[in-house]
Amino acid sequence: TDRVVIVTGAGGSIGSELCRQIIQLEPITLLLVDQSEFALYQIHEDLSQKLADISGSDTKLIPLLASVRDEERMKEIIPTWQPHTIYHAAAYKHVPIVEEYPCEGVSTNIGGTINTAYYAIRNGVEKFIMISTDKAINPTNVMGASKRISELWVQSLNESKSDTQFIITRFGNVLGSNGSVITIFREQISRGGPVTVTHPEVIRYFMTISEACR
């Protein structure tokens, strides 16, 4: 409440739900950072409507079209708005796509985290919360490895003498998130199957987007 908050990847499934829950707590300013113009437009419109329904809310919404990979934009945004808290949800998360384009995954997931965290320290941001993944545990793919490297980087920053507190949370399989396997299963079932799983003995654990963000 009465804080300035940035959410990176604000137009994504996780980032947008974080924003919906954050506005209920009435920050003074909520900055929406996303590289997708349409996703940014959608979440800004959605949140504007929700704010109109919250009696007496003074929260200011600021949509910022920007990529966390762009160091100059992070250098511009964070000092300008002086946030108290950054929720860093921006990432490439789809395993097969990142396998196909590993440089893009590394640039966004590692480079984007370094850029955002560096300017958080430079500008005295109180809390930096990184949204990670259970695929960072003993990673077997590029996406998981890129997130694990990002985790190690963020953890190392807590050893520095900065005033910023770095926090990491790992999400599991999130129902309904962009690229969720449930969406694929539903489409396969609607076509009459088969439903593809990676192994006959596979076990998956799921959480909803709202549960994960809470």
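Our structure's up above, just so we're on the same page.
Residues numbered from 1 in each chain as written. Predicted model: local features only at pLDDT ≥ 70, side-chain atom pairs only at ≥ 80, totals over all residues. Heavy atoms only, no water.

### A word on the overall build of the chain
No. 1: Within the chain one finds eight helices and eight strands.
No. 2: Taking 2.2 N^0.38 as the reference for a compact globule, 214 residues should give roughly 17 Å; the C-alpha atoms of the chain span a radius of gyration of 18 Å, in line with that estimate.
No. 3: Projected onto its principal axes, the C-alpha positions of the chain cover 50 × 40 × 25 Å.
No. 4: A sequence separation of at least 24 residues applies to 71% of the contacts in the chain between residues at least 6 apart.
No. 5: Approximately 11,600 Å² of the chain is accessible, and the part contributed by carbon and sulfur atoms is 52%. (Helix = DSSP H or I, 4+ residues; strand = E, 2+ residues; numbered from the N terminus. Rg over C-alpha atoms; globule rule 2.2 N^0.38 Å. Contact = heavy atoms within 4.5 Å. Areas by Shrake-Rupley, 256 points an atom, 1.4 Å probe, with all protein chains shown as cover.)

### Thoughts on the layout of surface pockets
No. 1: In this model, the second largest pocket occupies a volume close to 320 Å³.
No. 2: If you go around the second largest pocket, you meet 17 residues; those closest to its centre are Leu18, Ile22, Leu25, Thr85 and Tyr87.
No. 3: At the level of secondary structure, the elements contributing two or more residues to the lining of the second largest pocket comprise helix H1 (13-23), strand S4 (85-88), strand S5 (127-133), strand S6 (165-171) and helix H8 (209-213).
No. 4: The greatest single-element share of the lining of the second largest pocket, amounting to three residues, is contributed by H1.
No. 5: By residue class, the composition of the lining of the second largest pocket is eleven nonpolar, four polar and two charged. (1 Å grid on protein atoms, 1.4 Å probe; cavity = no way out; pocket = protein on both sides within 12 Å on 5 of 7 lines; lining within 4 Å. Points joined across faces, edges and corners; volume = space filled by probe spheres on them. Nonpolar A, V, L, I, M, F, W, Y, C, P; charged D, E, K, R; others polar.)

### As for the state of the cysteines
No. 1: Within this structure, the stated rule accounts for zero disulfides.
No. 2: With no disulfide partner, Cys19 has as its closest neighbouring cysteine sulfur the one in Cys213, 9.2 Å distant.
No. 3: For Cys19, a relative accessible area of 0% translates into the label buried. (Disulfide = S-S within 2.5 Å. Buried < 20%, exposed > 50% of the residue type's maximum accessible area, 1.4 Å probe, protein only.)

### Considerations on the sheet that holds strand S2 (residues 29-34)
No. 1: Strand order in the open sheet made by the six strands is S3-S2-S1-S4-S5-S6, with parallel pairing throughout. Edge positions in the sheet fall to strand S3 (60-65) and S6, since each of these pairs with one other strand and no more. Mean inter-strand twist for the sheet, computed between neighbouring axes without regard to direction, equals 15°.
No. 2: Note: strand S1 (residues 4-8) against S4, four bridges, orientation parallel. Across the sheet, residue Val5 finds its bridge partner in S4, namely Thr85.
No. 3: Across the sheet, helix H2 (residues 37-52) touches S2 and S3, and the angle it forms with S3 is around 175°.
No. 4: Along the sheet face, helix H6 (residues 142-157) touches S5 and S6 and points at about 155° away from the line of S5. (Pairing = 2+ DSSP bridges. Axes fitted to C-alpha atoms, helices over the stretch in contact; angles between N-to-C directions.)

### Let's talk about the pattern of salt bridges
No. 1: All told, the structure shown has nine salt bridges when counted by the stated rule.
No. 2: Residue Asp46 is joined to Arg20 by a salt bridge in which the shortest nitrogen-to-oxygen separation is 2.7 Å. Linking Asp46 in helix H2 with Arg20 in helix H1, this pair joins segments that are 26 residues apart in sequence.
No. 3: For Arg73, the salt bridge identified is with Glu76, shortest N-O distance 3.0 Å. Taken together, the positions of Arg73 and Glu76, both in helix H3 (residues 71-81) and three residues apart, correspond to about one turn of that helix.
No. 4: Under the relative-accessibility criterion, Glu76 is labelled partly exposed at 44%. (Salt bridge = Lys/Arg side-chain N within 4 Å of Asp/Glu carboxyl O.)

### With respect to the nonpolar core
No. 1: Counting 24 residues, the largest nonpolar core has Ile14, Leu30, Leu32 and Leu47 as its most contacted members.
No. 2: Elements that contribute at least two residues to this core include exactly S1, H1, S2, H2, S5 and H8.
No. 3: Take this core: its biggest share by element is five residues, from H1.
No. 4: Those residues in contact with Leu47 that lie beyond four places of it in its chain are Cys19, Arg20, Ile23, Leu30, Leu32 and Leu61.
No. 5: In terms of nonpolar packing, the next biggest core, distinct from the first, is built from 22 residues, Met74, Ala120, Val125 and Leu157 among them. (Core = buried A, V, L, I, M, F, W, Y, C linked by side-chain atoms within 4.5 Å.)

### With respect to the environment of Val95
No. 1: By secondary structure assignment, the location of Val95 is in helix H4 (residues 95-100).
No. 2: Along the chain, Val95 and Gly144 lie 49 residues apart, while their C-alpha atoms are 8.0 Å from each other.
No. 3: If we ignore the near neighbours within four places in the chain, the residues touching Val95 are Lys135, Asn141 and Met143.

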